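# Reading the structure
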Amino acid sequence: MDVLLSWLNDYGDFGDPADPEAVARVCDALTALGMEVASVDVVGQTVDGVVTARVLRLEQHPDAAKVQRVYVDAGDGVERHVWCGAFNMSVGDIVPLATLGTEMPNGMTIERRGILGIDSEGMLCSASELGLGDDHSGIYVLPSDAPLGIAYGDALGLTLDALIDIEIIRNRPDTLGYVGIARDLAPALGVGFRPPTPPLPATGPERTASVELVDGDRCARFTSTVMSGITVAPSADWMARRLLAAGMRPISNVVDVSNYVMLELNQPNHAYDLDTLGGGGFRVRLGSEGEQLTTLDGELRTFTADDLFICDADDVPIGVGGIMGGLDSEISDATTTVALEMAWFEPYGVARTVSRTNLRSEASTRFERGVDPYGMPLAIARFAELLTETCPDLVVHGGALDARTDDLPAEQRSTEVRIGAVNRVLGTTLVADDLAGLLDPIGFTVTGDGDTRTVAIPSWRPDSAEEIDVVEEVARHYGYERIGKRVPNSVVHGSLSAHQQRRRLARQVLLGLGVSEAMPNPFLAPDTQARAGLGGEVITITNPLVAEESVLRTSLRPGLLDAIAYNESHRRTGVALFEIGHVYPPGEGELPDEFESLTVVLAGSDAPAAIRVWRELAAALGVGARIDQGRVPAGLHATRSATLQVGKDAVGAVGEIAPDVLDAFGVDERVAVLEVDLDRLLGRPEKPAQWKPTSRYPSSDLDLAFVVGDEFTAERVEKAIRQGAGALLVGLSLFDVYRGERVPESTRSLAYRLRLQAPDRNLTDADVADVRRGVEAVTTKLGVELRS
Amino acid sequence: MINEIEAARDAALGEIAELSSVDAVGAATSQLTGKKSELSGLKKGLGALDSVDEKKAAGQAINAALAAVTDALDARRVELTAAATAARVETERLDLTEFVAAPARGHAHLVTQAWERLEDLFIGLGFQIAEGPEVETDWHNFEALNMGEGHPARGEFDTLFLDYAPPGGEPGSTLLRTHTSPVQIRTMLAGEPPIYIVAPGRVFRRDTADATHMPVFHQIEGLVIDRGITMADLAGTIEAFTKAFFGSEFTSRLRPYHFPFTEPSAEFDIQRPDGSWIELGGCGMVHPNVLRAGGIDPEEWSGFAFGFGIDRMAMERHGVDDLREMFSNDIRFLEQF
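From a predicted model like this one, the values you see are computed outputs, not experimental measurements.

## Quick notes on the overall build of chain A
When you go through chain A residue by residue, the secondary structure sums to 20 helices and 39 strands. Across its three principal axes, chain A shows a C-alpha extent of roughly 130 × 85 × 55 Å. Looking at chain A as a whole, 42% of its 788 residues qualify as buried. Here the analysis covers contacts within chain A between residues at least 6 apart in sequence; of these, 68% occur between residues at least 24 apart.

## Considerations on the overall build of chain B
Along the backbone of chain B there are 12 helices and 9 strands. Taken against the 2.2 N^0.38 rule, which gives 20 Å for 337 residues, the C-alpha radius of gyration of chain B at 42 Å runs more than 25% over that of a compact globule. Once the C-alpha set of chain B is aligned to its principal axes, its extents read approximately 130 × 55 × 45 Å. Looking at chain B residue by residue over its 337 residues, the buried ones come to 43%. A separation threshold of at least 6 residues defines the contact pool for chain B, and within that pool the share at least 24 residues apart is 63%.

## Description of the interface of chain B and chain A
Contacts between chain B and chain A engage 70 residues on the former and 75 residues on the latter. Counting only elements with at least two residues in the side of chain B that touches chain A, the list comes to helix 5 (110-124), strand 1 (128-129), strand 2 (135-137), strand 5 (216-226), helix 8 (231-246), strand 6 (251-259), strand 7 (262-271) and helix 12 (331-334) of chain B. Among the elements that make up the side of chain B that touches chain A, the one with the highest residue count is helix 8 of chain B (8 residues). Here the residues of the side of chain B that touches chain A sort into 38 nonpolar, 19 polar and 13 charged.

## Digging into the pairing of strand 5 of chain B
Residues and elements named next belong to chain B. For strand 5, the tally of buried residues reaches 10 of 11 residues, placing the bulk of the element in the interior. As paired elements, strand 4 (residues 195-204) and strand 5 share 10 bridges and run antiparallel to each other. Paired with Ile195 across the bridge in strand 5 is Ile225. Direction of pairing for strand 5 relative to strand 9 (residues 302-309): antiparallel, over a ladder of 8 bridges. Looking at strand 9, one finds that Gly222 is bridged to Phe306.

## Here's the deal with the sheet that holds strand 6 of chain B
Residues and elements named next belong to chain B. The 7 strands lie next to each other as 1-4-5-9-8-7-6, forming an open sheet whose pairing is mixed. The open sheet has two edge strands, strand 1 and strand 6, and neither has a second partner. Bridge analysis of strand 6 against strand 7 gives 8 bridges, and the strand direction is antiparallel. Within the sheet, the bridge partner assigned to Tyr257 lies in strand 7 and is Ser265.

## Topic: the environment of Met342 of chain A
Residue and element names in this part refer to chain A. Among the secondary structure elements, Met342 is positioned in strand 21 (residues 338-345). Note on Met342: 27 C-beta atoms within 10 Å, which makes it buried. In this structure the C-alpha to C-alpha distance between Met342 and His270, which are 72 residues apart in sequence, comes to 6.9 Å. When residues no more than four places from it in sequence are discounted, the contact partners of Met342 are Thr223, Gln267, Asn269, Met376, Ala379 and Ile380.

## Some points on the nonpolar core
All names here are of chain A. In this structure, Ile564, Leu577, Val600, Val601, Ala610 and Val671 are the most contacted members of the largest nonpolar core, which totals 151 residues. Ignoring anything within four residues of it in the chain, the contact list for Leu577 reads Val515, Ser516, Ala518, Leu560, Ala563, Ile564 and Val601. The next biggest cluster of nonpolar side chains, apart from the first, holds 84 residues, and it includes Cys219, Ala271, Ala363 and Met376.

## Focus on helix 5 (residues 237-245) of chain A
Within helix 5 of chain A, burial applies to Arg241, Arg242 and Leu243 of chain A. Trailing helix 5 of chain A by a residue or two, Gly247 of chain A shows a phi angle of about 90°, which is positive.

## A word on helix 2 (residues 22-33) of chain B
Residue and element names in this part refer to chain B. If you check helix 2, its first and last C-alpha atoms are 16 Å apart, about what 12 residues at 1.5 Å a residue would give, namely 16 Å. Buried within helix 2 we find Val25, Ala28 and Leu32. Projection of helix 2 onto a plane perpendicular to its axis shows the buried side chains occupying an angular sector of 70°, all on one side. Set apart from the buried face of helix 2 by more than 90 degrees, the exposed residues are Asp23, Gly26, Ala27 and Ser30. Contacts made by the buried residues of helix 2 are with helix 1 (2-18) and helix 4 (52-91).

## Brief notes about the sheet that holds strand 25 (residues 445-447) of chain A
Residue and element names in this part refer to chain A. Taken in spatial order, the 3 strands of this open sheet run 24-26-25, and their pairing is antiparallel. Here the strands that pair on one side only, and so sit at the sheet edges, are strand 24 (413-418) and strand 25. Pairwise comparison of adjacent strand axes, ignoring direction, gives a mean angle of 30° for this sheet. Running over the sheet, helix 12 (residues 467-478) touches strand 24 and strand 26 (452-457) and is turned about 75° from strand 24.

## Here's the deal with the packing of helix 5 of chain B against helix 10 (residues 310-318) of chain B
Residue and element names in this part refer to chain B. Between helix 5 and helix 10, whose axes approach to 8 Å, the crossing angle comes to 105°. The angle between the axes of helix 5 and helix 10 places the two elements in the roughly perpendicular class. Along its contact with helix 5, which presents Leu110, Val111, Gln113, Ala114, Trp115 and Leu118, the element helix 10 presents Ile310, Asp311, Met313, Ala314, Arg317 and His318. For the contact of helix 5 with helix 10, the per-class residue count stands at 8 nonpolar, 2 polar and 2 charged.

## Some thoughts on the environment of Met214 of chain B
Considering the arrangement of structural elements, one finds Met214 of chain B in the loop between strand 4 and strand 5. C-alpha separation for the pair Met214 of chain B and Phe327 of chain B, spaced 113 residues apart in sequence, amounts to 9.2 Å.

## Side note on unusual backbone geometry
Omega for the bond connecting Pro193 of chain B with Pro194 of chain B falls within 30 degrees of zero, at 0°, which places this linkage in the cis form. Going from Glu263 of chain B to Pro264 of chain B, the amide bond is cis rather than trans, its omega being -5°. Tracing the backbone shows Pro264 of chain B in strand 7. Phi angles above zero are rare outside glycine, and Leu116 of chain A is one such case at about 55°. Along the polypeptide, Leu116 of chain A turns up in the loop between strand 7 (113-115) and strand 8 (118-120). For Leu116 of chain A, a count of 10 C-beta atoms within 10 Å translates into the label exposed. With a phi close to 60°, Asn358 of chain A is a non-glycine residue in the positive phi region. Position of Asn358 of chain A among the secondary structure elements: in the loop between helix 7 (347-357) and helix 8 (362-367).

## Considerations on the pairing of strand 38 (residues 747-756) of chain A
Residue and element names in this part refer to chain A. Bridge count for strand 36 (residues 700-709) against strand 38 is 10 bridges, and the pairing is antiparallel. By the bridge assignment, Gly709 is partnered in strand 38 with Thr747. Sheet topology note: the strand 37 (residues 729-738)/strand 38 ladder contains 8 bridges and is antiparallel. By the bridge assignment, Gly731 is partnered in strand 38 with Arg755.

## Some thoughts on the packing of helix 2 of chain B against helix 4 of chain B
Residue and element names in this part refer to chain B. Interhelical geometry of helix 2 versus helix 4 gives an angle of 175° and a closest axis separation of 9 Å. When the interaxial angle is binned, helix 2 and helix 4 end up roughly antiparallel. Touching Val22, Val25, Ala28, Thr29, Leu32 and Thr33 of helix 2 are Leu66, Val69, Thr70, Leu73, Arg76, Arg77, Leu80, Thr81 and Ala84, all from helix 4. Considered class by class, the residues forming the contact of helix 2 with helix 4 number 9 nonpolar, 4 polar and 2 charged.

Conventions and cut-offs
Residues numbered from 1 in each chain as written. Chains lettered and ligands numbered in written order. Predicted model: local features only at pLDDT ≥ 70, side-chain atom pairs only at ≥ 80, totals over all residues. Helix = DSSP H or I, 4+ residues; strand = E, 2+ residues; numbered from the N terminus. Buried ≥ 20, exposed ≤ 12 C-beta atoms within 10 Å, placed from the backbone. Contact = placed C-beta atoms within 7 Å. Rg over C-alpha atoms; globule rule 2.2 N^0.38 Å. Nonpolar A, V, L, I, M, F, W, Y, C, P; charged D, E, K, R; others polar. Pairing = 2+ DSSP bridges. Core = buried A, V, L, I, M, F, W, Y, C linked by C-beta atoms within 7 Å. Expected span 1.5 Å × (residues − 1). Arc of directions from axis to C-beta. Axes fitted to C-alpha atoms, helices over the stretch in contact; angles between N-to-C directions. Parallel < 35°, antiparallel > 145°, perpendicular 65-115°, else oblique.

Laid out in structure tokens, this is it:
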């Protein structure tokens, strides 16, 4: 909310708007109270050297079509000539003249400058050139009664002012009005609070605009007051200027007073022309499905049975309750008698209509947060007081109506406040007697004695109801900055869980292997699962921003494949990426079967690279899994992939992305992939590696090669070697795989190097021969031939 | 005799000086000092000498000559070894600037780096790290946090709702968590106070991506519940965090604000040494209704909570000016950090 400090000073002496230090004090106090100052603009600055001047003559020069010659009198009786590029002024107009030597806000200095050899003795100014607004279409024409030769600022009544932009917190609707802000600010700055005290309007003859509350749960109070003797005219300058500063266009005295009262007292209101008000009264009811109304902004809108209408007494809608009047509800220049509506609308209902229709206004902003249900009498009196300034014959008629329903919040609300509870939450050492000093100035009335006091909550604070709400008020007015700072003595020891530590370890291992961490979008397009070859059900976002991001992923693969394609398109091949993130397959429980996945993709690498990553990771994490090539997960390369099995559980997969999936993602390279279910993998008990003594005796190597069919896995050969070699085997590596002429078709030779060592003695040739025989015995049984 | 000894010694020394390799020194050692060496052979002539004194003098001369030869061999060996090493080193000269290997290390995501720094900092302050699901129930995300159905504050979260409904459950009550606060509720329900946790995590809002917003982003949230916890503990914890994370010359302040789940509530700002402020996050004393929803008696326990964005911390630290860059997965971005 934009707050003009000079206006705020109507309600207390907060500070001189022209004094930067006083303005800063006000701003600091506002921020410390929770009315955060977003920005402060100094307004009303004038340009020295710009004076009022009357246009005497206008002449066109035959050789200069785009400019004209203007002769002005700046009050000294001397006719001055200036060139001017604008044509909007007439002879007799008072205009601002920047005299020679004037420094304009844009840095230009006005000099005697000639066109066609004829000098210009100054410059006529537009509004934007004087910092008076955005209008630069023509010369700014000043009030016709302004004396000549005086500063234009004086002619306009401009004074230095501060326009303070306050960010209003949702639960403080009272601060959407000047008076509410002033009430909170006054005690903080130690100044007196001066709310407006309009006299009760003298009541004229009885004249009533009827009120019928049909749906009183949505509008629990509706007052109608008839005022006559109105002459619609422009507002006084002071009011027009204040409204302009608040960002509202002055329209006419009646509309302007209506807006002024809203800004001052936070009571939106609407004045209807009683002579054109159907049936001479109001009917407040819910709409019917599809009911239409053209609102004040000129839009024909369609409403529902949950939207509230203000209708005339003939049941014709004339406004949307608490939000905006209808187009035809505006008063006209001929209006002489108005029915003034001041009402209280139920906030949630207003909020629903606003969010459904996207129709919002200054009024709806206030009603959906909560307006004072008991503020109308003051606002009506203030309306009459202000309108009387331009309508001296104003009559406020007797017979005003004040219709209420039981849904209106109670006027008297109070709560018990224990000083012990205050101190317990705030860490203060206040005594009960301190409460009144902090709370009374902002309208929270403290009564009683002892350690528990009764605090009456003002009707303009809908956010406040319970003890803890009052504690917050105490804290604000005691001052958050006075509460102090201390560090609690945590009685728990700070730590990562075992799962979290091992997740970090997994990440470190991958980083060490040269894999970088990506964070793709977890939302997929509807067809992405299929493109990735992934089956299964998915969860869909019911209100996505865009359809391309409407499906929750069930695998990290699609996001990582997109990342590889993106990098390839930027000539970065061979990219190695991993992600640790949640995936969200549906399930049968209260929540989906969400789990944490770890997926690695290695562009330009084949399956063995993924196996290597898996082995490093598994070793570091102290876990193991069987590589089951008999089961290949969907979307992976059918002959180069495997499931990682632990017992009956599949904990992941390793291999390569299927070629058709690569095509579907526009990936040119092969992509090796490893994915594991981290929750399952790390959920298993960690098996710390157990120490095996290293032998001090020499070791000996034995190379053995086997010819096996292509379908016979190396894993089985390895297992057989381990079984046959016995305890002397301390190391085993597959150092060569040979396919070719020297072995039969569809077979390969697997060459292993066995490192043998005894823990307690030197090996003998006989030991090595024994191992060889032992291995051969096992492999022969498997039908595997040992190559000589 | 003495002359013979000296002649043999000089001959040996002359030979040693001519040796040109460490191997040759090895071969010459037995030849010049062994039993079959000329000097050792001279010992046989001692018996032919007349007097004891002569025998003694000649014997000593032979031993001295042998020692001199041995010393000369050792010196020659050292000399030749050093020369051989120097020659090898000289031939192995490399220009190390020729060798610029492709980078081999992987790069942790910027968000992870900030995330882990924050975790480590709070672990140091005595906090444990709590986590929870990203798909949440309406109850955990709103209701238990003092935002019942129809509460206007709900509208500010721009929630993404899911078509998932548990068996027998209501559709529309499952959503992507809009903040990490449901972890507070889960932590309270899972255990007993005292509670000292921070919950970092991924959160979701229906926000169009721009330089400062993403529909998917990351927050860290703290929760302390213990006996005698006051707002001063909150302010002190924020201050301790500020100094540890930004530096000892930074300070913090709390400014009144409103959140449904805390009261009193505040926003907290960090003041840079130059006096300017950074608005960082929200905090407050846990609302009694939230404690009750977590099964905790607000008359016995009190607590505070705070939360702020992780992504922004990473952006500020590394001067990233567009949030979207961080999630582009462009290797040219990832490799910079």
